[in-house]
Amino acid sequence: MIRVKAKKKLISAAGPMALDVDFLIEANDLVTIFGASGAGKTTILRMIAGLTTPDEGLIQVGTEVWFDSKAGINKPVQERSIGFVFQDYNLFPNMTVRQNLEYALHDKQDKPLVDELLALANLTELANRKPQTLSGGQKQRLALIRALARKPKIFLFDEPLSSLDLELRLKLQDEILTLYGRFKIPTIFVTHDLSEIYKMSSTVFILEHGRITRTGKPSEIFGQDNLSGKFKFVGTVLELVQDNFLYIVTIQIGQNITKVVVTEDEAAGLKVGDKVIVAAKAFNPILLKV
Amino acid sequence: MNFDLSPLWLTFKLASVTTLILFTLGVPLAYWIVFTPRRWKTVVEPLVSMPLVLPPTVLGFYLLLLFSPKSPVGNFFESVLGIKVVFTFLGLVIGSVIFSLPFMVNPIKAGLQSFPKALIEASYALGKSRRETLFKVILPNIKPALLTGSVMAFAHTVGEFGVVLMIGGSIPGVTRTASIAIFGEVEALNYNNAYFYSGVLFTIAFVILFVLNALNKKIFDVTP
C-alpha cells in the first residue's frame, strides 16, 4: 500500500497555488491522476520520487517511510525504489539501447533481465543503436523497460504517451498494460487524455488546482449520464454560420469535427471558442469496428 | 644552423603538466560552481576568472612574494618541505595552473550549465549516485567542453609570458620557455633564433585551434 499525504506551495503559470493531496493506493493497483496542465500532477510524482521536497506530509511505500516531515525523514531519490517514466524519455544519448538498460540495472550481474526486457519491448535488433536513432515509439518503449530494469517498488508515469500519435499511443497503452500485468507493481499514471484513463486504470483521481476533488472508477466519474442511452460530449465552437433561419455550428470534439444545426435563439449566446456540450438521445446508435 | 631546442621542450612539458593538473582540478571545481547551492560560489567564480583580466605580471609578482624564502609560505616550503618554488619548474607549474585556470574551468562550466537537468534526474531516479552520474552520464556527454577546456588551457600555457618570467626568471633548461627565449633572443639581437621560436609557436597555435575546431564540429555533428 502506498500512502501519499503532501502539501507544497507552488508557483504556477496562473499564480501561486497550494498543492494539498492525501490519497492511498492499494498494493498492485494502477491508478491515473487526471487534471489540466498546471494542476500539480507532475509535482505529485516528483514528490513521491524524491525529486521535489514537499513542505510537509508523509510518503510511505509498503513499510518504508520515504518522507515524513514530522519525523524529519527525507530519503534521497537514489534510495527510493522507483521506476520513473518521463514525458520526454530522458534516455542517455552517450549510451546504446543496451547500455541504457545495463546502466539502470541494480544488480549488474542480471544480464538475462536486459535480454528479456529487450525482447519484451521488441528492441533486440536495435540493442546496439544510440537512442537518438530510434523512433518516438521505440524511445518510449526503451524508457519504459529502462524504468523496469531496476525492479522498482512503484511505477511512476508522467504523461509518457502525450507526444506520440494516436495509433502509437493506443499500441503503447496495450504494451504498458501487458507489462503491468506481468510485473504487478503499484503504478501511478499521470495523463490528461480521457480515453487513456478509461483504458488504463480502475481508479482515477481528479486533480483540480492542487486538490483531489473526486476519486473513483473512470466510468462513475466521467460517465454518470451515459447510462440513459444519451451521448454527451464537450467540444469547442470553431465556426458559426447563418443559413436562413438556422445556424450551423462547427464544433471540435477531441480530434473530431462535427456540425450541429441550431435555432437563432440557441445561437444567440454562442461565439467562436466557447465550450459547449453536444448531447443527443441515441435510440439506436450504430457501432462499427475499426 | 643550430637551434637550442630546450625552450621548446620545456614549453611543452610545462603545458602538458599544467593541462593534466588543470583537468583533474577543473572538472570538480566547475561541477562545484554549477551545482552547489552555497552562496560563496559568487566569490569563487570571479576569482577563477581573475587571470583573464589581471596583468600576468601582477599574478607573477604576488606569487614571487608568496614563495620567496622571506615569506612564511615560502619559508615553510623551503625549510620544512625542502622544496624551492621560485625560479624552478615547480614555480612555473604553479603559476601556469593559476593563470590558465579560467581557460579550463569556464568551458567545462558552460558545458555543465547547458547539460539537461532532466537527464541528471533520470540517472538519480535510477538510483545512481552523484559521482556515478557525473562520470557515466554527464562527462561523456560534454566531451566537446572538456576538449575545448583542455586545448585552451594547453595553448594558453604555451603562450604564457609574464607569469613565467616573474616567477621563473629565464634560466636556460629550467625555466626558459619558448616565449621567454624569444624575448631574450630579440634583446640580444639574435633575430634568427627569434624567427625560429616564433615560427614554431605560431604554427603550433594555429594547428591546435584548427584541430580543435575540426574535432568539435565532428563531435557536434552526431547525425541522429
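Residues numbered from 1 in each chain as written. Chains lettered and ligands numbered in written order. Predicted model: local features only at pLDDT ≥ 70, side-chain atom pairs only at ≥ 80, totals over all residues.

### Thoughts on the overall build of chain B
Helix and strand counts for chain B come out as 11 helices and 0 strands. Helices and strands in chain B line up, N terminus first, as α-α-α-α-α-α-α-α-α-α-α. A principal-axis box enclosing the C-alpha atoms of chain B has dimensions of 65 × 45 × 30 Å. Long-range pairs, those at least 24 residues apart, make up 73% of the contacts in chain B with a sequence separation of at least 6. (Helix = DSSP H or I, 4+ residues; strand = E, 2+ residues; numbered from the N terminus. Contact = placed C-beta atoms within 7 Å.)

### Brief notes about the overall build of chain A
When helices and strands are counted, chain A shows 8 helices and 15 strands. When its C-alpha atoms are laid out on the principal axes, chain A stretches across 75 × 50 × 35 Å. Put simply, chain A has 290 residues, and 33% of those count as buried. By sequence separation, contacts in chain A at least 24 residues apart represent 64% of the contacts at least 6 residues apart. (Buried ≥ 20, exposed ≤ 12 C-beta atoms within 10 Å, placed from the backbone.)

### So, the domain arrangement of chain A
Reports often express the size of an interface as the amount of accessible area lost when the parts come together. With domains assigned, chain A is organised as domain 1 (2-224) and domain 2 (226-281). The centre of domain 1 of chain A, based on its C-alpha atoms, is set 37 Å off from the matching centre of domain 2 of chain A. (Domains from an automatic or database assignment.)

### Considering unusual backbone geometry
Residue and element names in this part refer to chain A. One non-glycine residue, Glu159, lies in positive phi territory at about 40 degrees. Tracing the backbone through its elements, the reader meets Glu159 in the loop between strand S8 (154-158) and helix H5 (166-183). Owing to 20 C-beta atoms within 10 Å, Glu159 belongs among the buried residues under this scheme. Its identity as a non-glycine residue notwithstanding, Lys184 has a phi of 50 degrees, on the positive side. For Lys184, the location among the structural elements is in the loop between H5 and strand S9 (187-191).

### Topic: the interface of chain B and chain A
Every contact between the two is made by 16 residues of chain B and, on the other side, 18 residues of chain A. Elements represented by at least two residues in the side of chain B that touches chain A include exactly helix H6 (117-125) and helix H7 (130-141) of chain B. In terms of residues, the side of chain B that touches chain A owes the most to one element, H6 of chain B, which gives 6 residues. The class makeup of the residues in the side of chain B that touches chain A is 10 nonpolar, 3 polar and 3 charged. (Nonpolar A, V, L, I, M, F, W, Y, C, P; charged D, E, K, R; others polar.)

### Comments concerning the environment of Leu201 of chain B
All names here are of chain B. You can see Leu201 is positioned in helix H11 (residues 191-220). Considered as a pair, Leu201 and Ala178 are 23 residues apart in the sequence and their alpha carbons are 7.9 Å apart. With sequence-adjacent residues up to four places away left out, Leu201 is seen in contact with Val158 and Ala178.

### Quick word on helix H3 (residues 111-120) of chain A
All names here are of chain A. For H3, the set of buried residues is Leu113, Val114, Leu117 and Leu118. Looking straight down H3, one finds its buried side chains confined to an arc of 135 degrees; they lie on one side. H3 presents Pro112 and Ala119 as exposed residues on the side facing more than 90 degrees away from its buried surface. In this structure, the buried side of H3 is in contact with helix H2 (97-104) and helix H4 (136-149). Looking one or two residues past H3, Asn122 carries a phi angle of roughly 60 degrees, positive in sign. (Arc of directions from axis to C-beta.)

### Considering the packing of H4 of chain A against H5 of chain A
All names here are of chain A. One can describe the packing of H4 onto H5 by two numbers: an axis separation of 11 Å at closest approach and a directional angle of 15 degrees. The angle between H4 and H5 places the two elements in the roughly parallel class. Our pair here, H4 against H5, has a crossing hand that is right-handed. Contacts from Gly136, Gly137, Gln140, Arg141, Leu144 and Leu148 in H4 reach Leu168, Leu172, Glu175, Ile176, Leu179 and Phe183 in H5. (Axes fitted to C-alpha atoms, helices over the stretch in contact; angles between N-to-C directions. Parallel < 35°, antiparallel > 145°, perpendicular 65-115°, else oblique. Left-handed = near helix turned anticlockwise from the far one by under 90°.)

### A few points about the pairing of strand S14 (residues 256-263) of chain A
Counting buried residues along S14 of chain A, only 0 of its 8 residues qualify, which leaves the element largely exposed. Linking strand S13 (residues 246-253) of chain A to S14 of chain A, which pair antiparallel, is a turn of 2 residues; within it Gly254 of chain A sits at a positive phi near 60 degrees. (Pairing = 2+ DSSP bridges.)

### Some remarks on the confidence of the model for chain B
All names here are of chain B. On average, residues of chain B carry a pLDDT of 90, and 96% of them reach 70 or more. Here helix H4 (residues 72-80) stands out as the element of chain B with the lowest mean pLDDT, 86, in contrast to H6, whose mean of 96 is the highest. Complex prediction metrics read pTM 0.81 and ipTM 0.81. (pLDDT = per-residue confidence, 0-100.)

### Quick notes on the packing of helix H3 (residues 56-67) of chain B against helix H5 (residues 89-114) of chain B
All names here are of chain B. At a minimum axis separation of 11 Å, H3 and H5 run at an interaxial angle of 135 degrees. When the interaxial angle is binned, H3 and H5 end up oblique. For the pair H3 and H5, the crossing hand works out as right-handed. Only Gly91, Ile94, Gly95, Ile98 and Phe99 of H5 make contact with H3, whose side of the interface consists of Pro56, Leu59, Gly60, Leu63 and Phe67. In terms of residue class, the contact of H3 with H5 is built from 7 nonpolar, 3 polar and no charged.

### Description of the environment of Val174 of chain B
All names here are of chain B. Counting through the fold element by element, Val174 comes out in the loop between helix H9 (162-168) and helix H10 (178-187). Here Val174 falls in the partly exposed class, since 15 other C-beta atoms lie within 10 Å of it. Spatially, the C-alpha atoms of Val174 and Ser6 are 8.9 Å apart, while their sequence positions differ by 168 residues. In contact with Val174, other than residues within four places in its own chain, are Thr88 and Phe89.

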